[in-house]
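One letter stands for each residue in the lines below.
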Amino acid sequence: MYRHTRLPGASAGYLAAREELRLAEIELMRHRERVAAQRRALPAGPAVEDYVFLEGPADLAAGDEPVREVRLSELFTAPDRALVVYHFMYGKRQTSPCPMCTLWIDGFDGVARHLAQNADFVVVAAAGPAALRRHARDRGWSRLRLLSCGESTFQYDLGAEDEDGAQDSTVSVFTRDGDGTVRHFYSAHPRMGEDIQQRGIDLLNPVWHLLDLTPGGRGDWYASLDY
């Protein structure tokens, strides 16, 4: 039996249950690897239009002007790098920043420097540049590239917005061909089906996984902008 600790006093029942759990965790890890390999093996996705976004100064402390236009193809910083986009639920019918998205993005800001070693990453919202940057300053996001969709249909086309302007949290991945063609590679939403409404992007946030280690689990906890 493989032991994770050297603590004395564990009952035979506890040790047996922990060993059963260890084997289940190994199988879960292997299944995650199989799913990740299946995702990586997706064939080339459809070509997408070169959407235009609005972006303020790189330094949040420098104010919100000037605002410049930047195209989707220009978000790739080097050949053979993927572009990961987090669709932030803020703007149009989502008149205030989504607390759960904010939780996600708090974490992204912390790991941005590590992610940048392998891929490009941006946060996109329907909200205008000034509103988006104001929230970013409130949260202390200093390492993220923040983009407003402006008048583009980017959010709608990627399923992060409906016909009425309601927003949805989404993660999308794009690739760029040698000739400059940008392709959609993958998107995921919280809704995975009619009976699964909120679990589709759990892998993006360690908070859920840490809570799942505890006896109480995640329960019905929901993030807040002000604890």
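Above this text sits the structure in question.
Residues numbered from 1 in each chain as written. Predicted model: local features only at pLDDT ≥ 70, side-chain atom pairs only at ≥ 80, totals over all residues. Heavy atoms only, no water.

## Describing unusual backbone geometry
Line of reasoning, step 1. Residue P66 is reached from E65 by a cis peptide bond, and omega for that bond is 0 degrees.
Line of reasoning, step 2. With respect to the helices and strands, the residue P66 is situated in the loop between β1 (52-55) and β2 (68-71).
Line of reasoning, step 3. Phi is positive for D80, close to 65 degrees, though the residue is something other than glycine.
Line of reasoning, step 4. Within the element layout of this structure, D80 appears in the loop between β2 and β3 (83-88).
Line of reasoning, step 5. Look at D80 and you get exposed, because its relative accessible area is 83%.
Line of reasoning, step 6. Although it is not a glycine, K92 sits at a positive phi angle of roughly 55 degrees.
Line of reasoning, step 7. On the secondary structure map, K92 appears in the loop between β3 and α2 (99-115).
Line of reasoning, step 8. The partly exposed category is assigned to K92, whose relative accessible area is 48%. (Helix = DSSP H or I, 4+ residues; strand = E, 2+ residues; numbered from the N terminus. Buried < 20%, exposed > 50% of the residue type's maximum accessible area, 1.4 Å probe, protein only.)

## Some words on the nonpolar core
Line of reasoning, step 1. Ranked by internal contacts, the top residues of the largest apolar core, which has 31 residues, are Y86, F88, W104, I105, L144 and L146.
Line of reasoning, step 2. Those elements that provide at least two residues to this core are β3, α2, β4 (120-125), α3 (129-139) and β6 (170-176).
Line of reasoning, step 3. Counting residues per element, this core draws most heavily on α2, which supplies seven residues.
Line of reasoning, step 4. Beyond its immediate sequence surroundings of up to four residues, L144 is in contact with I105, F108, D109, A112, F121 and V123.
Line of reasoning, step 5. One finds Y51, V122, L147 and L158 within the second-largest nonpolar core, a separate group that totals 16 residues. (Core = buried A, V, L, I, M, F, W, Y, C linked by side-chain atoms within 4.5 Å. Contact = heavy atoms within 4.5 Å.)

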